[in-house]
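# Notes for the structure review
Here is how the chains run, residue by residue.
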Amino acid sequence: MFGLARQLAKIGVLGLNRRNAEYTLRHNLRRLYPLVDDKVTTKQLAQHAGIAVPELYGVVKENYQVRTLPEMLEQYSDFVVKPARGSGGDGILVISGRSRQMYRNANGPLLSREELCYHISNILSGVYSLGGQPDRTLIEYRVRSDPLFEAISYKGVPDIRVIVFLGVPVMSMVRLPTMMSGGRANLHQGALGAGIDITNGITLSAVWRNDIVTEHPDTGNMLMGVKIPNWEALLRLASRCYELTGLGYQGVDIVLDKDKGPLILELNARPGLNIQIANRTGLFPRLRSVEENYKALQGVEDRVAFAQRNFGANI
Amino acid sequence: MSRRHLYFLALGLTIVGLGLFLYKALVLGFPLTPHRISEIWNLEARIVFAAHNKPVKVSLLIPRPIQGLAIVNENFISQGYGITTTTEEGNLQAVWSKRKIKGQQTLYYRAVVRRISAKKPGSLLRPPKIENPNFQGPYLAASQSLVDEIHARSSDVDTFVKELIKQLNKPQLDENIALLLGKQSSVSRKVKIAVRVLGQAGIPARAIHGVRLEEENHNAPLLHWLEVYDTKQWRPYDPMTGESGVPSNYMPWWHGTQPLVQIKGGDRLQTTLSVNLNQEEAVRAATESGMIKSPLLLEFSLFSLPVHTQAVYHILLLVPIGAFLLVILRNVVGIKTFGTFMPVLMALAFRETQLLWGIILFSVMVALGLSIRLYLEHLKLLVVPRLASVLFVVVLLMALLSILTHKLGLERGLSVALFPMVILTMTIERMSIVWEERGATEALQQGLGSLVVAAIAYLIMDIKYVEHLAFVFPELLLVLLAGTLLLGRYYGYRLLELRRFKQLVKGST
């Protein structure tokens, strides 16, 4: 057992205790958490800074607004309903279209108006928020998946998670929905996470429920070797989130929209550790390297170049 | 804050904690094990009543020293009452009185009883006076024929008493006895009738009322037995079995027919008796026999609190131990639980229900609650009303489960009421959400994790030795605090993380 711990330490695998103590606790000021814990705030902040995000259709704050909501949504045929303070993808509802009076749920059966409203009032009363506090509901643009990932995802929209430490992108993976995850891109719900080489944006092997896999379990296609277009632009987008929130250690979730290109979906102040399994390497040496060098790095271009130089898969 | 600061703090806490502990244990000789002394008990009578702005007089019968037991110390605790003691029908009686009071009143009588080596009981010179049994009409005839009948079947006082008790306890009562006992057949009633019948037969006898001296009982029931004057001494008899003698841990409180407490000028009287093993006296004895007297340490120790409050701290001081365990199981082992400290509270509940029953009852309650919650989901309720409805159902289920298990003769099931119901409700709610969002596996995993942590915490907290150490040496908690602080700087892997990241080792080699 100690042998295993020593081996993991040698690879530089970051554990929860160390992540909490040395990274999230030290580099993420508590007062900055609300900026990322509330997706409405994050979105407004990003829009203000000119960072691309999925368009916001509306925010529901109070229960009385729920009843008039269907009228408000009349003009949109598809949209996404999200709790502003939800965590881990809980409570997100993707409406992909309509069928007479019913809403077509991308990941499940048709929803009646009443069911949609119930879901929204559940969000408002805090079912999905951390600590069960009352919440707001976001209604936003539904991202159309880039055809790039069609072969290696099952329904849903894959998203790209980049860990950004002090403005430097240190590790990345793409989260691919599976049948098991019900089209959602969250690892704990059964989505796949495929590591991405920071240098060139080409996918590596993947993690699925703590196991390493090389093929998509539903489509059977190889996960490795997919090149993400505009990789540098994407890294720059992620890197800019450091100035946006001031959080030293964050997970940036980016989606690739067919028409609008990379969009920031959400930011996370306590990003998970499975990304290490997807990349088959530990975060710790990279974080150390950033800590030693970040003072010399000026601006986004510099930081991204530093990352591409140092954090490739074979370096 | 630097690491060194933390280490110094932890070191300081450890030194203070261990130092105090060693000083108390080695120099002052505080008992290290719970059973080194078991001969001293605290008795407490707590009288609560309501007063209505009128003169109040409360009288309480108090124990007298008897053979084998000495009353070391007596206290009457009350505010602004006059206290006198008198002798009433051979019993010692304390009388509290006050001219004008209002509202709820609480009076305490506390005594410390020490077991002393029993001398041979001295014999009474004069036989005691026999009280007039006062039977009349049909009762007189019934008692007389009973006396005649038993007399014919016995040879001396001892066999007479035994035969009488046998008759009183027969499942099919003799009609004479049925008449005398009336509808009631409680132990105290039987003792009362036995005394009168014996009086009718010319044998001096009396009813004794007392308590059992045990480790801890905060609602000690009154016990009743019979004493008969025979061959120049009082001899006790068990009114149920008829055997002569009572267990040595029976402590007589008073005798005769009087009630324990009488009140004039107040109402809603409630009396509770409690008994516990008195560690303070043992500790004090240790201090006095030692070289150094340390009144300050004792004055400010938990022993200076009233018995009821002491009992609370017996349990409360275990909570930090449970919390320490939780820190290890969560941060070092990596077990997931519902709520941070919920397992500790569950472990406290297990103390009352015992482990196996606790786990069974908890699982049953959560399973039933979950199915109700699932049904409520269909009704599309808002969160707070839904939580409240689950709470309703949880309480009703608890009541139902208690009744069912009682009917089945499983008395342990009654203790389901000891589970903190709000915690049950929150567990059900959290579990159902995790179930929905992360699937059954995750929900069951976390539920099981909570149960395992609670069970481990219970097993540790239930060790008598641990409880004793925490109560007599609370400074040891400082050492645990130091340990907890140091664990706060444990940045290594959690045990279950090793399994999670095992793939990485395989992948790289």
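Residues numbered from 1 in each chain as written. Chains lettered and ligands numbered in written order. Predicted model: local features only at pLDDT ≥ 70, side-chain atom pairs only at ≥ 80, totals over all residues.

For the rest of this paragraph, the subject is the environment of A:Leu176. All names here are of chain A. Position of Leu-176 relative to the elements: it lies in strand β7 (residues 168-176). Put simply, Leu-176 and Phe-149 are 27 residues apart on the chain and 8.2 Å apart in space, counted from C-alpha to C-alpha. Beyond its immediate stretch of four places on either side in the chain, Leu-176 contacts Phe-149, Ile-152, Ser-153, Pro-158, Ala-191, Leu-192, Ala-194 and His-216. (Helix = DSSP H or I, 4+ residues; strand = E, 2+ residues; numbered from the N terminus. Contact = placed C-beta atoms within 7 Å.)

The next subject is the sheet that holds strand β7 (residues 223-230) of chain B. Residue and element names in this part refer to chain B. In spatial order, the strands read β8-β7-β5-β9; together these 4 strands make up an open sheet with antiparallel pairing. Both outer strands of the open sheet, β8 (233-237) and β9 (250-255), are each paired with one neighbouring strand and no more. Strand-to-strand twist in this sheet, taken as the mean axis angle between neighbours without regard to direction, amounts to 40°. As judged from the 5 bridges shared by β7 and β8, these two strands associate in the antiparallel manner. Directly across from Asp-230, in β8, lies its bridge partner Gln-233. Packing against the sheet, helix α3 (residues 157-168) makes contact with β7 and β8, and its axis sits at approximately 150° to β7. (Pairing = 2+ DSSP bridges. Axes fitted to C-alpha atoms, helices over the stretch in contact; angles between N-to-C directions.)

Moving on, we get to the interface of chain A and chain B. The interface of chain A with chain B comprises 28 residues on the first partner and 23 residues on the second. When contributions to the side of chain A that touches chain B are tallied by element, the ones reaching two or more residues are α1 (2-11), α2 (16-27), α7 (113-124), β10 (211-213) and α9 (275-279) of chain A. Split by residue class, the side of chain A that touches chain B holds 12 nonpolar, 11 polar and 5 charged. (Nonpolar A, V, L, I, M, F, W, Y, C, P; charged D, E, K, R; others polar.)

All names here are of chain A. Even without being glycine, Asn-230 reaches a positive phi, approximately 55°. Looking at the element boundaries, Asn-230 is found in the loop between β10 and α8 (231-245). On the basis of neighbour count, Asn-230 is assigned to the partly exposed category, with 13 C-beta atoms found within 10 Å. A positive phi is found at Arg-280, a non-glycine position, where the angle reads about 55°. Mapped onto the fold, Arg-280 is located in the loop between α9 and α10 (284-293). (Buried ≥ 20, exposed ≤ 12 C-beta atoms within 10 Å, placed from the backbone.)

All we've got here are geometric facts, nothing functional implied.
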